[in-house]
Structure formats: C-alpha cells, structure tokens
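Observations on chain architecture
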Amino acid sequence: MSADDLEAYENELELALYREYRDVVSLFSYVVETERRFYLANAVDVQVRGNGGEVFFELALEDAWVWDIYRASRFVKSVHVVTFKDVNVEELTKLEMDIPS
C-alpha cells in the first residue's frame, strides 16, 4: 500500500465518520472536547480534583458517541476520562443540532 493509498483510505474514513456524526448529533445534548477525544453525550459530570498542587479533571459521560475513526463501535454506555488538560463542555441547542446535508 502506497502513502497515497493510505491517505485516501484515511480520508474516506474521516468522511464516513463526519457523515455518521451528522446523522447522530441530534440524539445528544452535549459536546465534550478533551485533548485526546471529541464526544457527544446525554449526561456529563465534570469534577475538578487536586493532588499535591496539581489540578485534574474527572469526567463521567453517559450514553455517549466517540469521534474516533478506528473504533469498531462508537456508541458507548459510559465513559470515564481523567485529564490534566483543558476540557470543554457545551450544551447543544436545537439550532446547533440541525446540520445541513
């Protein structure tokens, strides 16, 4: 497999993932971004924790969808994330959920 073939394959996966996102976003209430992943979820709990002067975040997501082209199943019942990096949680409104085809 050449580098061009691999790039074309990954581009196809990304496009398929975007199409899946477009199809499922209306099923969810929140968008959650961490340094490693992008999630859609219906319940989000963020806890700020401290350990010896360092601050980290613990996230618990329920009924979630994970943006990851290499996952066989992107729908998950629950997700637990621990991160020392920034976390962004946004509640979706109906207007944000209506993505044009």
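Per an unreviewed UniProt entry, the protein goes by DUF2469 family protein and derives from Actinomyces lilanjuaniae.

For the protein, the count of helices and strands is two helices and five strands. Going residue by residue from the N terminus, the α and β elements of the protein occur as α-β-β-β-β-β-α. Seen through its principal axes, the protein has C-alpha atoms that stretch 50 × 35 × 20 Å. Taken over 101 residues, the protein has a buried fraction of 27%. Put simply, 54% of the contacts in the protein that link residues at least 6 apart link residues at least 24 apart.

Turning to the packing of aromatic side chains, a few remarks are in order. Under the counting rule described, the total for this entry stands at eight aromatic pairs. Residues Tyr18 and Tyr21 carry aromatic rings whose centres are separated by 6.4 Å and whose planes lie at 35° to one another, so their mutual orientation is tilted. Remark: Tyr21 and Tyr18 occur in helix α1 (residues 3-24); sequence separation between them is three residues, near one turn of the helix. For Tyr18, a relative accessible area of 34% gives the class partly exposed. Taking the centre distance of 5.7 Å and the plane angle of 65° together, the rings of Tyr21 and Trp67 count as edge-to-face. One end of the pair, Tyr21, is in helix α1; the other, Trp67, is in the loop between β3 (54-66) and β4 (75-83), and 46 residues separate them in sequence. By relative accessible area, Trp67 is classed as partly exposed at 25%.

What follows concerns the pairing of strand β2 (residues 38-51). Bridge analysis of strand β1 (residues 30-33) against β2 gives four bridges, and the strand direction is antiparallel. Looking at the pairing, Glu33 lines up with Phe38 of β2. Joining the antiparallel neighbours β1 and β2 is a turn of four residues. Here β2 folds back onto β3 in antiparallel fashion, the turn holding two residues, of which Gly52 has a positive phi close to 60°.

The subject of this paragraph is the sheet that holds β2. Across the sheet, which stays open at both edges, the five strands sit in the order β4-β3-β2-β1-β5 with antiparallel pairing between neighbours. The outermost strands of the open sheet, each flanked by one partner alone, are β4 and β5 (88-91). Strand-to-strand twist in this sheet, taken as the mean axis angle between neighbours without regard to direction, amounts to 20°. Across eight bridges, β3 lies against β4 in antiparallel orientation. Bridged to Ala60 within β4 is His80. Packing against the sheet, α1 makes contact with β2, β3 and β4, and its axis sits at approximately 80° to β3.

Cut-off values and rules
Residues numbered from 1 in each chain as written. Predicted model: local features only at pLDDT ≥ 70, side-chain atom pairs only at ≥ 80, totals over all residues. Heavy atoms only, no water. Helix = DSSP H or I, 4+ residues; strand = E, 2+ residues; numbered from the N terminus. Buried < 20%, exposed > 50% of the residue type's maximum accessible area, 1.4 Å probe, protein only. Contact = heavy atoms within 4.5 Å. Phe/Tyr/Trp six-rings, centres within 6.5 Å; stacked < 30°, edge-to-face > 60°. Pairing = 2+ DSSP bridges. Axes fitted to C-alpha atoms, helices over the stretch in contact; angles between N-to-C directions.

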